[in-house]
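One letter stands for each residue in the lines below.
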Amino acid sequence: MEKQLADVVLKLHDIQGVKFGTFTLKYGMRTPIYVDLRVTISFPDILDAVGDLLWNALEQKEINCEVVCGVPYGALPVATCVSVKQHVPMLFRRKEVKGYGTRKLVEGKFNQGDRCVVVEDVVVSGQSIVETAEALRQSGLRVSDAVVFLDREQGGKQILAREGITLHSVVTLTHLLEILHEQGKVNSEMMEEVKQFQKENQCLQIISNEVLTSKPKTRTFGERALMAQQPAAKQLFNVIHEKKTNLAFAADVSSCAKVLELADKVGPYICILKIHIELLQDYTHDFIHKIQELSTKHRFLIYEDHKYSDIGSIVNRQYEHGFYGVVDWAHITNAHPLPGPAVLNGLKKSGLPKQRGCFLIAEMSSSGHLMTQDYVDFALRLGELNDDFVIGFVCQSRISSNPRLINIISGINLQGGKDNMGDRKSVV
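Residues numbered from 1 in each chain as written. Predicted model: local features only at pLDDT ≥ 70, side-chain atom pairs only at ≥ 80, totals over all residues. Heavy atoms only, no water.

Draft legend 1. Main features of the packing of helix 6 (residues 173-182) against helix 7 (residues 188-200). At a minimum axis distance of 10 Å, the contact between helix 6 and helix 7 shows a crossing angle of 175°. By the angle class used here, helix 6 and helix 7 are roughly antiparallel. In this structure, helix 6 contributes L173, T174, L177, E178 and H181 to the contact, and helix 7 contributes S188, M191, V194 and Q198. Within the contact of helix 6 with helix 7, the residues separate by chemical class into four nonpolar, four polar and one charged. (Axes fitted to C-alpha atoms, helices over the stretch in contact; angles between N-to-C directions. Helix = DSSP H or I, 4+ residues; strand = E, 2+ residues; numbered from the N terminus. Parallel < 35°, antiparallel > 145°, perpendicular 65-115°, else oblique. Contact = heavy atoms within 4.5 Å. Nonpolar A, V, L, I, M, F, W, Y, C, P; charged D, E, K, R; others polar.)

Here is the structure:
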């Protein structure tokens, strides 16, 4: 593949697909190098080779999909090439909905829940992929991966990770320059100039500032309920929409009577009641019947905060056959992503037939935790890949913009501060 890549890079240079000079990118960045794959439409052999490299990048990571979608409009030719050669159906995302015809945002044949890989030619900030993924998700497709020919290494990969999208690139800008340098097409001074440009023009801060100063896109919970495919998520969005509350109440007490008393008092004003069943010192199975009655009476979902974190076979037995039989009465549970997909596979086996849902714990309010940004990114990807069961993320701030997933903020009370065990509390 390396030989094939080097051959394509040199051919792109020869046809002016790689240019050196002064060029303006999005956000006003002035770059000394510009890579333009649109020229390949006049060179079918090169376009075909680029398509092969993109597909190989997906195969190497064992990424499967039912459909592909090219980012309009620059990536449409290469996405078409991939679709035709690999016999994978392709979709077309409109930049705007027309006022006539079918008025569809996404054209093509697909099924709700199909996994779609977004195809792009060059990534700077990744925002075009984000916009395409948003339209696809809104139409009922699952998007967790994107493939690009060139990653300019300016923060796009990290920005996409925040959106639950893993970027797979054929070549980075650094590697592309190394290939050209080895063949005498670019000198060391230009390589240093490009390296300095990359260092000074990272998109992460630019995007963060833009988000802070612009009005975010918002959807009603009713709209999100229509978009949701996961039954527990759809039920939760509907409850929030109809009751006009997104409050989750944590009944972290040790008495069944106290939990039931609190549930009856706050029930009309909440969408979720979170409990720790193992804290109840006077537990009897009759408690489950009573809490279910209150759930029905006040229309809230029961969330058992178990924090599953083991191999699949163990969590499956804990969830279904454990003393408390959590899967039989809790609409929602949660799990640590630490064990990887196995923990969700174990929970799914029992949870999906009963239309249960699961929060992945991406962040916690405890001091000194080990949940780095890489860990959060991993949790986001794991959740996106398992959104038939995962309904969102336990976090400390909004980490996912996927409208079908929920950010549930933990560690909030009326006082704020920190308790004597190092648990940080945010004030409401």
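Draft legend 2. Quick peek at the state of the cysteines. Enumeration according to the criterion identifies zero disulfides in this entry. For C81, which is in no disulfide, the shortest distance to another cysteine sulfur is to C65 and amounts to 15 Å. Judged by relative accessible area, which is 17%, C81 ranks as buried. Cysteine C358 remains unbridged, with the sulfur of C395 as its closest cysteine sulfur at 14 Å. (Disulfide = S-S within 2.5 Å. Buried < 20%, exposed > 50% of the residue type's maximum accessible area, 1.4 Å probe, protein only.)

Draft legend 3. The packing of aromatic side chains, seen in detail. Tallied over the full model, the rule gives eight aromatic pairs. Plain terms: the ring middles of Y283 and F287 are 6.4 Å apart, the flat faces sit at 65° to each other, and that makes the pair edge-to-face. Among the residues examined, F287 registers a relative accessible area of 2% and is labelled buried. When the centroid spacing of 4.9 Å and the interplanar angle of 75° are considered together, the rings of Y283 and Y324 count as edge-to-face. Taken as a pair, Y283 in the loop between strand 10 (272-275) and helix 12 (286-298) and Y324 in the loop between helix 13 (312-321) and strand 12 (332-335) lie far apart in primary sequence, 41 residues in all. (Phe/Tyr/Trp six-rings, centres within 6.5 Å; stacked < 30°, edge-to-face > 60°.)

Geometric values such as these leave the question of function open.
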